[in-house]
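For reference, the chains in residue letters:
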Amino acid sequence: MRIGVFGGAFNPVHIRHVQICLKIPEEYGLDKLIVIPSYNPPHKRLDSDNFFVRKSMLEDALAGIPKIEISMLEYNSKKNNYTYEILSDIAAEYPDGQLFYIVGGDGLEAFDTWKKPEVILSLASLIVIRRPDYNATDKAASELTKKFGARIYISELTEADISSTYVRTLVALGETDGDLSGCLPHSALKGVLSGRYGEMYGGFGKYVDFVRSVSGEELFAHIKRTVLAAVKCNEKAGLDGTKVFLTALLHDASKEMIFERTGSLDEKTDILKISADFIKELSNGRLDVEYYKRLSNTEYYAPCNTLRTSVLHQFTGAETAQKVLGIDDAEILDAVRYHTTAKADMTMLAKLVYLADKIESARAYDGVDAIREKAKTDMDGAFKACLERNYAYLKAKGIKIYYLTEEAHSRYCAESDKA
Ligand SMILES: [Fe+2]
Ligand SMILES: [Fe+2]
């Protein structure tokens, strides 16, 4: 009996998973495909730890596909098992079975970091599904074959560039039309839309609704693209997914809000020392462009003679996040506060959101594609390239550069200056 084993968080299931469940049994003549949702996915990316939500979505999505068995093996053991343990259990259950373990190209390339690879490879053949942006899959396969005598088959299935993280982000953004319908199997989408699975992915609804309510359509579209770009960059950067999501979502939250300033200004340190009164006067209306322009041309709003509205909103954005939305995470606030100017001491989160803001899918300046490409493998390098490009752009335009940007440039781009 030829048995496929397909484990994953399925958080949530998406069409790529469905394609695998449809095609792989056919391609490899499997008699059965055991699909094993993990007990509890690692908590770093907007995770729902509700096993039964993930399992219901999986059942909905795979309903009607032949030869599928959804397994409770992980849940029953009440822990996340290593792959070698899962395969040992299945091998014990099917002593005459020939096992095929399904793994993504990313997993294969990192296979030597897996626990007991030799046991895995003695128990099962591997069926590899290529992943976009993982180009060393063939090399990894031939090395494993040499080293362990592994039996590795690379599937014909070309994988759509969809990840569960991407789907979670769309759900969290409330993007229930367009993109999401291209990612989720129809039955699972229906379940999301009808609320059958309950509130999913962190309950970010109030933040999303707020940002939507204070942003014009175009700005909100930019914010959503920035969130998606940030989440994409984070697939390899591996920072806290909730922080990445919230920072990107809130980065331009105050950009089109009307507000009156009553706080005092402090030129070098805070720019705007915004008082509680100031925050009370924040309103949810649309930006009055003329009014805003007038303010930005006064000395109050240009203490360094470089402070433009394009800089101001990063400070008011952080204040808004903190005082209106109650965000108290210092790292998120800091990343919002410097997302436009950058500064000399940036966390990885701040760099990532700075970068995502400037490489989101609608950005179309010269060199953006190269920075996007770099961001796939080297987030820090892409951030530096992006800062360098922005700096050069401002210089070329004759715009006086804000002191924080000068400091960031000296700190992060010194090497390229010398070159
Ligand atoms: Fe911004
Ligand atoms: Fe932005």
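For the structure itself, look to the data block above.
J.: Would you explain the sheet that holds strand β5 (residues 124–129) in this entry?
T.: What the six strands build is an open sheet, ordered β3-β2-β1-β4-β5-β6; its pairing is parallel. At either margin of the open sheet sits one strand with a lone partner, and together these are β3 (68–70) and β6 (152–154). Direction aside, the axes of adjacent strands within the sheet are offset by 25° on average. In this sheet, strand β2 (residues 32–37) lies alongside strand β1 (residues 2–8) in parallel orientation, the contact comprising six bridges. Looking at β2, one finds that Ile3 is bridged to Lys32.

J.: Before we go on, may I ask you to explain the coordination of the iron ion (ligand 1) in this structure?
T.: By definition of the ideal shapes, four donors in a tetrahedron about a metal sit 109.5 degrees apart, and six donors in an octahedron sit 90 or 180 degrees apart. Surrounding the iron ion (ligand 1) are the protein donor atoms Asp252 (OD), His313 (NE2) and His339 (NE2), which sit 2.1 to 2.2 Å from the metal. The sequence pattern formed by the donor residues of the iron ion (ligand 1) is D-x60-H-x25-H.

J.: Any chance you could explain the packing of helix α19 (residues 368–377) against helix α20 (residues 379–397) here in plain terms?
T.: Any two packed helices are characterised by the angle at which their axes cross and by the distance between the axes. Across the interface, α19 lies against α20 with an axial gap of 6 Å and an inter-helix angle of 155°. Regarding the angle of α19 to α20, the classification is roughly antiparallel. In this structure, α19 uses Ile371, Lys374, Ala375 and Thr377 to contact α20, whose residues at the interface are Met379, Gly381, Ala382, Ala385, Cys386 and Arg389. By residue class, the composition of the contact of α19 with α20 is six nonpolar, two polar and two charged.

J.: It is not clear to me how the coordination of the iron ion (ligand 2) should be interpreted in this structure. Could you clarify?
T.: Distances from the iron ion (ligand 2) to its protein donors, namely His222 (NE2), His251 (NE2), Asp252 (OD) and Asp357 (OD), fall within the range 2.2 Å. Coordination at the iron ion (ligand 2) is irregular, judged from the four donor atoms that bind it and the angles of 82 to 174° they form at the metal. A gap of 3.5 Å separates the iron ion (ligand 2) and the iron ion (ligand 1), which Asp252 links by coordinating each metal. Linking His222 in helix α12 (residues 217–237) with Asp357 in helix α18 (residues 348–359), this pair joins segments that are 135 residues apart in sequence. Taken individually, His222 and Asp357 each receive the classification buried, so the pair is uniform in this respect.

J.: Which parts of the structure should I look at to understand the pairing of strand β4 (residues 98–104)?
T.: Where a strand is regular, its side chains alternate between the two sheet faces. Taken across its seven residues, β4 has five buried, putting it largely inside the fold. Bridge count for β1 against β4 is four bridges, and the pairing is parallel. The partner of Val5 across the bridge, within β4, is Tyr101. Pairing geometry for β4 and β5, over six bridges, is parallel. When the bridges of β5 are listed, Leu99 appears paired with Ala124.

J.: In this structure, what is going on with the pairing of β2? I would like to understand it.
T.: Within β2, six of the six residues are buried, which leaves the element mostly enclosed by the surrounding structure. Residues Lys32, Ile34 and Ile36 point to one face of β2 and Leu33, Val35 and Pro37 to the other, with burial holding for every one of them.

J.: Quick question: what am I supposed to make of the pattern of salt bridges here?
T.: Pairing between side chains of opposite charge can happen when the charged atoms of each approach one another. In the structure shown here, the tally under the stated rule is 18 salt bridges. Note that Glu143 and Lys139 form a salt bridge whose closest N and O atoms lie 3.8 Å from each other. Note that Glu143 and Lys139 are positioned in helix α7 (residues 137–148) at a spacing of four residues, about one turn of the helix. One salt bridge connects Lys232 with Glu235, and the closest N-O pair in it is separated by 4.0 Å. One end of the pair, Lys232, and the other, Glu235, are both in helix α12, three residues apart, so they sit about a helical turn from each other.

J.: Help me understand the packing of aromatic side chains in this model?
T.: One pair of aromatic rings is described through two measures. These are the centre distance and the angle between the planes. Within the structure shown, the criterion is met by 14 aromatic pairs. Measuring from ring centre to ring centre gives 4.8 Å for Phe204 and Phe245, while their planes differ by 40°; the resulting arrangement is tilted. Of this pair, Phe204 sits in the loop between α10 (186–193) and α11 (205–213) while Phe245 is found in helix α13 (residues 241–250), placing the two residues 41 residues apart along the sequence. No difference in accessibility class separates Phe204 from Phe245, as the two residues are buried. Centroid distance Tyr354 to Phe383: 5.4 Å. Interplanar angle 75°. Geometry classified as edge-to-face. Of this pair, Tyr354 sits in helix α18 while Phe383 sits in helix α20, and the two are 29 residues apart along the sequence. Tyr354 sits in the buried class, given a relative accessible area of 1%.

J.: Is there a simple way to explain the environment of Thr169 in this structure?
T.: Along the polypeptide, Thr169 turns up in helix α8 (residues 164–172). Take Thr169: its relative accessible area is 0%, and that puts it in the buried class. Through-space distance from the C-alpha of Thr169 to that of Gly241 is 9.7 Å; in sequence the pair is 72 residues apart. Within the local environment of Thr169, its side chain forms a polar contact with the backbone oxygen of Thr165, the two atoms lying 2.7 Å apart.

J.: Please clarify how the environment of Asp334 should be interpreted in this entry.
T.: Assignment of secondary structure puts Asp334 in helix α17 (residues 330–337). Measuring from C-alpha to C-alpha, the distance between Asp334 and Ala350 comes to 7.2 Å, with 16 residues separating the pair along the chain. For Asp334, the residues in contact, after removing those within four places along its chain, are Lys343 and Ala350.

Rules behind the numbers
- Residues numbered from 1 in each chain as written.
- Chains lettered and ligands numbered in written order.
- Predicted model: local features only at pLDDT ≥ 70, side-chain atom pairs only at ≥ 80, totals over all residues.
- Heavy atoms only, no water.
- Pairing = 2+ DSSP bridges.
- Helix = DSSP H or I, 4+ residues; strand = E, 2+ residues; numbered from the N terminus.
- Axes fitted to C-alpha atoms, helices over the stretch in contact; angles between N-to-C directions.
- Donors = N, O, S within 2.8 Å, 3.2 Å for Na, K, Ca; no water.
- Parallel < 35°, antiparallel > 145°, perpendicular 65-115°, else oblique.
- Contact = heavy atoms within 4.5 Å.
- Nonpolar A, V, L, I, M, F, W, Y, C, P; charged D, E, K, R; others polar.
- Tetrahedral: all angles 85-135°; square planar, octahedral: opposite > 155°, others 65-115°.
- Buried < 20%, exposed > 50% of the residue type's maximum accessible area, 1.4 Å probe, protein only.
- Salt bridge = Lys/Arg side-chain N within 4 Å of Asp/Glu carboxyl O.
- Phe/Tyr/Trp six-rings, centres within 6.5 Å; stacked < 30°, edge-to-face > 60°.
- Polar contact = N/O pair within 3.5 Å; in protein donor to acceptor, adjacent residues only side chain to side chain.

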